[in-house]
Amino acid sequence: MKTILNALAEPNRLRIVELLRDGPLTVGEITDKLEMNQPQVSKHLRVLSENGLVEVQPIANRRYYKLRPQPFKELDSWIESYRHLWNERLDRLDDYLQKLQRKEVDDTKSK
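Below or above, wherever it landed, is the structure these notes cover.

Thresholds, definitions, all that
Residues numbered from 1 in each chain as written. Predicted model: local features only at pLDDT ≥ 70, side-chain atom pairs only at ≥ 80, totals over all residues. Heavy atoms only, no water. Helix = DSSP H or I, 4+ residues; strand = E, 2+ residues; numbered from the N terminus. Buried < 20%, exposed > 50% of the residue type's maximum accessible area, 1.4 Å probe, protein only. Contact = heavy atoms within 4.5 Å. Areas by Shrake-Rupley, 256 points an atom, 1.4 Å probe, with all protein chains shown as cover. Lys, Arg positive; Asp, Glu negative; His and termini not counted. Charge placed at Lys NZ, Arg CZ, Asp CG, Glu CD. Phe/Tyr/Trp six-rings, centres within 6.5 Å; stacked < 30°, edge-to-face > 60°. Axes fitted to C-alpha atoms, helices over the stretch in contact; angles between N-to-C directions. Parallel < 35°, antiparallel > 145°, perpendicular 65-115°, else oblique. Left-handed = near helix turned anticlockwise from the far one by under 90°. Nonpolar A, V, L, I, M, F, W, Y, C, P; charged D, E, K, R; others polar. Pairing = 2+ DSSP bridges.

### Regarding the overall build of the protein chain
For the protein chain, the count of helices and strands is 5 helices and 3 strands. The principal-axis extent of the C-alpha atoms belonging to the protein chain is close to 85 × 25 × 20 Å. In the protein chain, which comprises 111 residues, the share counted as buried stands at 24%. A separation of at least 24 residues holds for 48% of the contacts in the protein chain among residues at least 6 apart in sequence. When the accessible surface of the protein chain is summed, it comes to about 8,300 Å², and 50% of that surface belongs to carbon and sulfur atoms. Taking the average location of the 20 positive side-chain charges in the protein chain and that of its 18 negative ones, the two points are 3 Å from each other.

Structure (structure tokens):
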């Protein structure tokens, strides 16, 4: 998980991942969309590839990069564990606030 987060922490790599959500792209297409130079894009793609986030699919003389679903499923599972934790805490807070409101209403009625 740490390697995935480290790879995505760099803003340009995150932008590349966001572009690839819509489908495979070549280095040239990514370069054009991000207005970066090709060596920079290639460097970021190499890091994403080394961390298992993207894979390369050669077609003729072009190399298409696409997202690998598995790391994002792992990331989603990890986030889901926190989502449950926060939902439980928010439910307890909601219960507490409702209890306070009922007490307030009861106090107002008894006056």
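So that's the structure; there's more coming.
### Overview of the packing of aromatic side chains
Here the distance between the centres and the angle between the planes together describe a pair of aromatic rings. Under the counting rule described, the total for this entry stands at 1 aromatic pair. Ring plane angle 65° and centroid distance 5.1 Å describe the contact between Trp78 and Tyr82, whose orientation is recorded as edge-to-face. Taken together, the positions of Trp78 and Tyr82, both in helix α5 (residues 69–109) and 4 residues apart, correspond to about one turn of that helix. For Trp78, a relative accessible area of 35% gives the class partly exposed.

### Side note on the packing of helix α2 (residues 11–20) against helix α3 (residues 27–34)
The interhelical angle for the contact between α2 and α3, taken along N-to-C directions, is 115°, at an axis separation of 11 Å. Regarding the angle of α2 to α3, the classification is roughly perpendicular. The handedness of the crossing between α2 and α3 is right-handed. Together, Asn12, Arg15, Ile16, Leu19 and Leu20 of α2 and Ile30, Lys33 and Leu34 of α3 make up the contact between the two elements. Considered class by class, the residues forming the contact of α2 with α3 number 5 nonpolar, 1 polar and 2 charged.

### A short note on the packing of α3 against helix α4 (residues 38–50)
Relative orientation of the contacting elements α3 and α4 amounts to 115°, with a least axis distance of 9 Å. As judged from the angle between their axes, α3 and α4 are roughly perpendicular. Crossing handedness for the pair α3 and α4: right-handed. Side by side, α3 and α4 meet where Val27, Ile30 and Thr31 of the first sit next to Gln38, Val41, Ser42 and Leu45 of the second. A per-class count over the contact of α3 with α4 returns 4 nonpolar, 3 polar and no charged.

### A look at the sheet that holds strand β1 (residues 25–26)
The 3 strands lie next to each other as β1-β3-β2, forming an open sheet whose pairing is antiparallel. Either end of the sheet is taken by a strand with one partner, and the two such strands are β1 and β2 (54–59). Pairing geometry for β2 and strand β3 (residues 62–67), over 6 bridges, is antiparallel. When the sheet's bridge partners are listed, Pro58 is paired in β3 with Arg63.

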